[in-house]
Amino acid sequence: MESIRTRRLELVAATVPLLDAELGSPEALGDLLGAAVPVDWPPGEHDRAAVESFRALLVGRPDAAGWCAWYAILRAPAGSVLIGTGGYMGPPDADGTVEIGYSILPAFRSRGLATELARALVDRALSVPGAARVVAHTTRGNVGSVKVLERCGFRVVGPGDEPGSLRYAIPAR
């Protein structure tokens, strides 16, 4: 399994077996990840439809591994806990743009974990030849997400894809 380690997190790239486990039960997913899965799993927009979409992508395009969902695991002395997800909407497009998204379970917010997750995703994306910029979308009202993006160096570059959303970008370093 492809993984990324940060100071407090281990990010594990989604695979078909991991996604199948998640579709089956939280216990099965936790067993494969070696982490406890909180009862309020999944976070945010990482719902069944998203998991099924990631699975279909990986079945049809095995080369897309690492370019969809990543599981965020908090490694702690008391035990590892699955705290959120993040990932990409696919590999860099024709103009080198990569879009990220992320979500942390409510009990783990306001600890800098979303920022740590987003930075790791940005760093990984910009290390790939052909990646020229990373973008993300959120609304002004999502104060937590705005703070995460700004801490990672993103700036508003225009309206987002959804009504009321904003597009943020960070250029290659």
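As shown above, the structure is provided for reference.
In this report, we go over the structure that sits alongside the text. (Residues numbered from 1 in each chain as written. Predicted model: local features only at pLDDT ≥ 70, side-chain atom pairs only at ≥ 80, totals over all residues. Heavy atoms only, no water.)

## Describing the pairing of strand 3 (residues 69-74)
Taken across its 6 residues, strand 3 has 6 buried, putting it largely inside the fold. Side-chain alternation along strand 3 places Ala 69, Tyr 71 and Ile 73 on one buried face and Trp 70, Ala 72 and Leu 74 on a second face that is also buried. Relative to strand 3, strand 2 (residues 9-13) runs antiparallel, the two being bridged by 5 bridges. Its bridge partner lying in strand 3, Glu 10 is registered against Ile 73. (Buried < 20%, exposed > 50% of the residue type's maximum accessible area, 1.4 Å probe, protein only. Helix = DSSP H or I, 4+ residues; strand = E, 2+ residues; numbered from the N terminus. Pairing = 2+ DSSP bridges.)

## Overview of the side chain of His 46
Residue position: His 46 is located in the loop between helix 2 (26-33) and helix 3 (48-60). Here Glu 22 takes part through its side chain, which lies 2.9 Å from a polar atom of the side chain of His 46. The residues contacting His 46, other than those within four sequence positions of it, are Glu 22, Trp 41, Val 51, Phe 54, Ala 69, Tyr 71 and Thr 85. (Polar contact = N/O pair within 3.5 Å; in protein donor to acceptor, adjacent residues only side chain to side chain. Contact = heavy atoms within 4.5 Å.)

## Observations concerning unusual backbone geometry
A cis amide bond links Trp 41 to the next residue, Pro 42, at an omega of 5°. Within the fold, Pro 42 resides in the loop between helix 2 and helix 3.

## As for the sheet that holds strand 6 (residues 133-139)
Pairing is mixed across the open sheet formed by 8 strands, whose spatial order is 1-2-3-4-5-6-8-7. Where the open sheet ends on each side, the last strands, each with one partner, are strand 1 (3-5) and strand 7 (155-159). Across the sheet, the axes of successive neighbouring strands diverge by a mean angle of 30°, strand direction being ignored. Direction of pairing for strand 5 (residues 97-104) relative to strand 6: parallel, over a ladder of 3 bridges. Across the sheet, the residue bridging to Val 98 is Val 134, located in strand 6. (Axes fitted to C-alpha atoms, helices over the stretch in contact; angles between N-to-C directions.)

## So, the environment of Leu 149
By secondary structure assignment, the location of Leu 149 is in helix 5 (residues 143-151). Its relative accessible area of 0% is what places Leu 149 among the buried residues. With 31 residues separating them in the primary sequence, Leu 149 and Ala 118 have C-alpha atoms 7.8 Å apart. With sequence-adjacent residues up to four places away left out, Leu 149 is seen in contact with Tyr 102, Ala 136, Thr 138, Phe 154 and Tyr 168.

## Some words on the layout of surface pockets
Considering only enclosed or pocket space, the largest pocket measures out at about 1,200 Å³ in volume. Lining the largest pocket are 45 residues, and of these Glu 45, Gly 101, Tyr 102, Ser 103 and His 137 lie nearest its centre. Looking at the lining of the largest pocket residue by residue, the classes come out as 18 nonpolar, 19 polar and 8 charged. (1 Å grid on protein atoms, 1.4 Å probe; cavity = no way out; pocket = protein on both sides within 12 Å on 5 of 7 lines; lining within 4 Å. Points joined across faces, edges and corners; volume = space filled by probe spheres on them. Nonpolar A, V, L, I, M, F, W, Y, C, P; charged D, E, K, R; others polar.)

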